[in-house]
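These are the residues of each chain, in order.
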Amino acid sequence: MALQCGIVGLPNVGKSTLFNCLSNAKAQAANFPFCTIEPNVGVITVPDERLNKLVEMIHPKNVVPTTVEIVDIAGLVKGASKGEGLGNKFLANIRETDAILHVLRCFDDDNVTHVDGSINPIRDKEIIDYELQIKDLDTIDSRIQKVQKQAQTGGDKIAKQTLEVLLKFKETLEQGKSARTVQFETKDEIKIAHDLFLLTSKPMMYICNVDEASAVNGNKYVDMIRESVKDENAEILIVAAKIESEIAEFETYEERQMFLEEIGLKESGVNRLIKSAYKLLNLSTYLTAGIPECRAWTFKTGSKAPVCAGIIHRL
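Owing to the predicted nature of the structure, the values given are computational and were not obtained by experimental measurement.

1. Observations concerning unusual backbone geometry
Of note in the backbone geometry, His59 takes a positive phi value of approximately 55 degrees without being a glycine. Along the polypeptide, His59 turns up in the loop between helix H2 (49-58) and strand E3 (63-64). Even without glycine at this site, Phe197 takes up a positive phi of about 50 degrees. In this structure, Phe197 sits in the loop between helix H6 (187-195) and strand E6 (204-209).

This is the structure we're talking about:
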């Protein structure tokens, strides 16, 4: 099961720096907008202490961890939903991802310019939320035109359910809320909603990019984000991308752990991010082990044993 997460955010919030930490691919990290023109894709392994223990015990000939694809998507600006900046490219790339990792700048640094001239993560969040919501409204309005007559004049039950789902999404989006905040109860409604593939219905993780002093407990900017998303079905993660780039330069695991302990962290932000991405999509892994191979397999949390077994047999 392939998992693809798209890293998004305004220009100069630390997207590409974080991407470079996550992947061996090297996106250009520069102090100007749109330094990432084409989406950079990196494949990273999912850290799993259980797999490491099995490898130590069995010494297999081959080890296959599960992986995640990370896509570094070009920075978005106001008007993206209407094609401003690299808006059309941004929206096309993000539509293909399974989850969104929204990087927010939560640090002060006069040497790193901000596209809007000041540090305000709530404003930055709302800019991207708004652009995605406007694009979703366009999608909803288009679908309503197609099913409204059929739902009102015919006896098509599915058309009526579809219209009800569309109207509920439309009301929510027009209130400035994302589609993921809407809850449906029946299986039919959930399927209809899923098949719309709305941008704001994708699982969202807000990554607060902070300075070193705020790497453990966050800061006032992180508190602002926590308050802003408390009613939204989304995850929050605190990461100091600059520190992560320093950690990535250490050659050994021991050196990395010593550095983390010095700044009060038990685990790198990269590891926490990958694990959180799995949680965000309700994913888990199970392991198979033997002399020929130790391998991690990804499945939807809560799946029955026959479904999980079938993942192996589909290989």
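2. A word on the environment of Pro65
Relative to the assigned elements, Pro65 resides in the loop between E3 and strand E4 (67-72). It is 7.7 Å that separates the C-alpha atoms of Pro65 and Leu51, two residues lying 14 residues apart in sequence. The residues contacting Pro65, other than those within four sequence positions of it, are Thr45, Leu51 and Ala296.

3. Notes on the side chain of Ser214
Position of Ser214 among the secondary structure elements: in the loop between E6 and helix H7 (220-228). Overall, Ser214 belongs to the buried group, its relative accessible area being 7%. In this structure the side chain of Ser214 is engaged in a polar contact, spanning 3.3 Å, whose partner is the side chain of Asn219. With residues near it in sequence (within four places) discarded, Ser214 still touches Asn219 and Ile238.

4. Regarding the packing of helix H4 (residues 121-153) against H7
Each pair of packed helices can be described by the angle between their axes along with the distance between the axes. As a packed pair, H4 and H7 sit with axes 9 Å apart at the nearest point and diverge in direction by 45 degrees. When the axis of H4 is compared with that of H7, the two are oblique. On H7, the residues touching Pro121, Ile122 and Lys125 of H4 are Tyr221, Met224, Ile225 and Ser228. Grouping the constituent residues of the contact of H4 with H7 by class yields 5 nonpolar, 1 polar and 1 charged.

5. Observations concerning the pattern of salt bridges
When their charged atoms lie close together, side chains carrying opposite charge are able to pair. Under the defined criterion, the tally for this structure stands at 14 salt bridges. The partner of Glu49 in a salt bridge is Lys275, and the shortest N-O contact between them spans 2.9 Å. Linking Glu49 in helix H2 with Lys275 in helix H10 (residues 269-280), this pair joins segments that are 226 residues apart in sequence. For Glu49, a relative accessible area of 46% translates into the label partly exposed. Overall, Lys275 belongs to the partly exposed group, its relative accessible area being 29%. Lys170 serves as the salt-bridge partner of Glu174, at 3.0 Å between the closest nitrogen and oxygen.

6. Concerning the confidence of the model for the chain
Averaged over the chain, the pLDDT score is 82; the fraction of residues at 70 or greater is 86%. Low pLDDT (under 50) marks residues 25-37, which in the prediction has 37 contacts with non-local residues, meaning those over four places away or in another chain.

7. Points about the packing of aromatic side chains
This structure, assessed with the given rule, holds 2 aromatic pairs. Seen in terms of ring centroids, Tyr286 and Phe299 are 5.8 Å apart; in terms of plane orientation they differ by 50 degrees. Their pairing is tilted. Taken as a pair, Tyr286 in strand E8 (residues 283-288) and Phe299 in strand E9 (residues 294-300) lie far apart in primary sequence, 13 residues in all. For Tyr286, a relative accessible area of 19% translates into the label buried. Take Phe299: its relative accessible area is 14%, and that puts it in the buried class. The positively charged end of Arg295 is found above the aromatic ring belonging to Trp297, 4.4 Å away from the centroid.

8. Considerations on the sheet that holds strand E5 (residues 99-105)
Where strands meet in a sheet, backbone hydrogen bonds hold them as pairs that are either parallel or antiparallel. Strand order in the open sheet formed by 6 strands is E2-E4-E1-E5-E6-E7, with mixed pairing between adjacent strands. A strand with exactly one partner marks an edge of an open sheet, and here the two such strands are strand E2 (40-45) and strand E7 (234-239). Direction aside, the axes of adjacent strands within the sheet are offset by 25 degrees on average. Sitting on the sheet, H7 touches E5, E6 and E7, and the angle it makes with E7 is about 175 degrees. Strands strand E1 (4-8), E2, E4, E5, E6 and E7 of the sheet are contacted by H10, whose axis makes an angle of about 175 degrees with E7.

Cut-offs and rules
Residues numbered from 1 in each chain as written. Predicted model: local features only at pLDDT ≥ 70, side-chain atom pairs only at ≥ 80, totals over all residues. Heavy atoms only, no water. Helix = DSSP H or I, 4+ residues; strand = E, 2+ residues; numbered from the N terminus. Contact = heavy atoms within 4.5 Å. Buried < 20%, exposed > 50% of the residue type's maximum accessible area, 1.4 Å probe, protein only. Polar contact = N/O pair within 3.5 Å; in protein donor to acceptor, adjacent residues only side chain to side chain. Axes fitted to C-alpha atoms, helices over the stretch in contact; angles between N-to-C directions. Parallel < 35°, antiparallel > 145°, perpendicular 65-115°, else oblique. Nonpolar A, V, L, I, M, F, W, Y, C, P; charged D, E, K, R; others polar. Salt bridge = Lys/Arg side-chain N within 4 Å of Asp/Glu carboxyl O. pLDDT = per-residue confidence, 0-100. Phe/Tyr/Trp six-rings, centres within 6.5 Å; stacked < 30°, edge-to-face > 60°. Lys NZ or Arg CZ within 6 Å of the ring centre and 35° of its normal. Pairing = 2+ DSSP bridges.

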